[in-house]
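# A look at the structure
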Amino acid sequence: MNDEQNRARFEDLLLPLMKDAYNLARWLMRNQEDAEDMVQESYLRAFRFFSSFHEGKNCRAWFLRIVRNTCYNGLSARNLKQKQVPLDSEANEIADTSPLPSASLSKKATAEAVREAIAALPIDFREVVVLRELEGLSYKEISEVSGVPIGTVMSRLARARHQLYLMLADRKVHDQL
């Protein structure tokens, strides 16, 4: 494959993913300017390593992993990465299929309240919520993007949903006072 064909293939596969990449970067970086920088850097890295992408692999998961890693590198460089939440050994066995958050509460919560609650989550939890609930990735795809086992994805998602439920329930109580 010549350089022109490689560039055309790159554009065909990855340019349609720009919105997904920006959405993930915005949630991880917590501001528009840094997210734009991270997406641009991610595209440069993806182009540089595009020859290592194999046909048949999940292109979206491959690219979002690059975006994720670029964002984490950016956060680490600025010393803004939040403290990791330790997971006990049993957490890998937790499975949760409940919606985000419970149906009755989510109907009453405003979109802004949900966005604020997601933004307040620790980064590991925020990442899985964004990838699952906003980007619609499967557990397997989230595992590929984040580089953690599926069980860890499921436990983080369960814990994140629980934290969101508590934050939104607390907000509801305060709004009623």
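To start, this report covers the structure provided alongside it. Predicted model only: the values in this text are computed from it and were never measured.

### Re the overall build of the chain
The helix and strand tally for the chain stands at nine helices and zero strands. Listing every helix and strand of the chain by position from the N terminus yields α-α-α-α-α-α-α-α-α. The proportion of buried residues among the 177 residues of the chain is 42%.

### Details of helix α1 (residues 3–14)
Look at α1: 16 Å from first C-alpha to last across twelve residues, which is about the 16 Å you get at 1.5 Å a residue. Taken together, the buried positions of α1 are occupied by N6, R9, F10 and L14. Along the long axis of α1, the arc covered by the buried residues comes to 105°, so they all point the same way. Where the residues of α1 are buried, they touch α2 (18–29), α3 (32–48) and α4 (59–77).

### Thoughts on the nonpolar core
Ranked by size, the top nonpolar core spans 47 residues in total, and within it L14, W62 and F63 carry the most contacts. Sorting the residues of this core by element identifies α1, α2, α3, α4, α6 (111–120), α7 (123–134), α8 (139–146) and α9 (150–176) as the ones contributing at least two each. Among the elements that line this core, the one with the most residues is α4, at ten residues. Setting aside its immediate chain neighbours within four residues, F63 contacts L14, L17, A21, S42, Y43 and A46.

The rules behind the values
Residues numbered from 1 in each chain as written. Predicted model: local features only at pLDDT ≥ 70, side-chain atom pairs only at ≥ 80, totals over all residues. Heavy atoms only, no water. Helix = DSSP H or I, 4+ residues; strand = E, 2+ residues; numbered from the N terminus. Buried < 20%, exposed > 50% of the residue type's maximum accessible area, 1.4 Å probe, protein only. Expected span 1.5 Å × (residues − 1). Arc of directions from axis to C-beta. Contact = heavy atoms within 4.5 Å. Core = buried A, V, L, I, M, F, W, Y, C linked by side-chain atoms within 4.5 Å.

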